[in-house]
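# Summary of structural features
So you can see what is in the structure, the chains are spelled out below.
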Amino acid sequence: MRETPESDWVVEALGLYEARLLRYATWVLRDPDLARDVVQETFLRLCREQPSTVGGHLAQWLFTVCRNLAFDTRKKEVRMAPLEEVQTTVDAAIHSGIEQRETVGEIFKLLEDLPKNQREVIYLKFQCDLSYKEISEVTKLSVTNVGFLIHTALKTIRKRVLSEPARRNP
């Protein structure tokens, strides 16, 4: 790639957001290879944009494009995969979560029980380190709604953790 002022901002964006986008896409797709393809396409699309188009909303722009591509990919993969394969993938994801440290595993299990919109905002907040405003722009929800979903999700998790102390501390 020829070094130009335009390529500098893409390289800088790659350094800042590639890892977070990979984690997010992997979380959505549950497949690291597909996630890498989605993130690569996200940055290819960024290369086609003018820096002035993206402006001061680079994180929101990247996560929105990555989210849309990941959801499109997930739809295509579900349509193409035989039902047994989909079940195997879900089982593998569940088993890999159980193999993690006990406390983290329990938290992940609790997250999986949350409604989809709450899981996504929690993931974007705590795994991708996005602000409420950035999450709002990525998910097309209002900032108030994002705050409500995060508050509700954390309250639910806290309530479930506190209601099961005997299981956590035998």
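Values in this document were obtained by computation on a predicted structure and should not be read as measured data.

Cut-offs and rules
- Residues numbered from 1 in each chain as written.
- Predicted model: local features only at pLDDT ≥ 70, side-chain atom pairs only at ≥ 80, totals over all residues.
- Heavy atoms only, no water.
- pLDDT = per-residue confidence, 0-100.
- Helix = DSSP H or I, 4+ residues; strand = E, 2+ residues; numbered from the N terminus.
- Buried < 20%, exposed > 50% of the residue type's maximum accessible area, 1.4 Å probe, protein only.
- Contact = heavy atoms within 4.5 Å.
- Axes fitted to C-alpha atoms, helices over the stretch in contact; angles between N-to-C directions.
- Parallel < 35°, antiparallel > 145°, perpendicular 65-115°, else oblique.
- Left-handed = near helix turned anticlockwise from the far one by under 90°.
- Nonpolar A, V, L, I, M, F, W, Y, C, P; charged D, E, K, R; others polar.
- Salt bridge = Lys/Arg side-chain N within 4 Å of Asp/Glu carboxyl O.

A word on the confidence of the model for the protein. Mean pLDDT over the protein stands at 81; residues scoring 70 or higher make up 76%. When the elements of the protein are averaged for pLDDT, helix α10 (residues 165-168) gives the smallest value, 52, and helix α2 (residues 32-48) the largest, 93.

Relative to the assigned elements, Ser136 resides in helix α8 (residues 132-139). The class of Ser136 is buried, set by a relative accessible area of 11%. Not counting residues up to four positions away in its chain, the partners in contact with Ser136 are Leu141, Ser142, Val143 and Val146.

Running from N to C, helix α7 (residues 116-126) and α8 point in directions that differ by 135°, and their axes come no closer than 10 Å. Classified by the angle between their axes, α7 and α8 sit oblique to one another. The two elements α7 and α8 cross, and the hand of that crossing is right-handed. Residues Glu120, Val121, Leu124 and Lys125 of α7 form the contact with α8, whose participating residues are Tyr132, Ile135, Val138 and Thr139. Its residues placed into classes, the contact of α7 with α8 shows 5 nonpolar, 1 polar and 2 charged.

Before going further, it helps to examine the side chain of Thr42. Structurally, Thr42 is set in helix α2. Thr42 gets classed as buried once you look at its relative accessible area, which sits at 0%.

We now examine the pattern of salt bridges. Considering all chains together, one arrives at 5 salt bridges under this definition. Here Glu112 ties to Arg30 by a salt bridge, and the two come within 3.2 Å at their closest N and O atoms. With Glu112 in helix α6 (residues 102-112) and Arg30 in the loop between α1 (5-29) and α2, this pair connects stretches of sequence that are 82 residues apart. A residue is classified by how much of its surface remains accessible, and Arg30, at 41% relative accessible area, is partly exposed. With a closest N to O distance of 3.7 Å, Arg48 and Glu41 form a salt bridge. Accessibility expressed as a relative area gives 25% for Glu41, which makes it partly exposed.

Before going further, it helps to examine unusual backbone geometry. With phi around 60°, Arg30 is a residue other than glycine that occupies positive phi space. Residue Asp129 is not a glycine yet carries a positive backbone phi of 60°. Tracing the backbone through its elements, the reader meets Asp129 in the loop between α7 and α8. For Asp129, a relative accessible area of 58% puts it in the exposed group.

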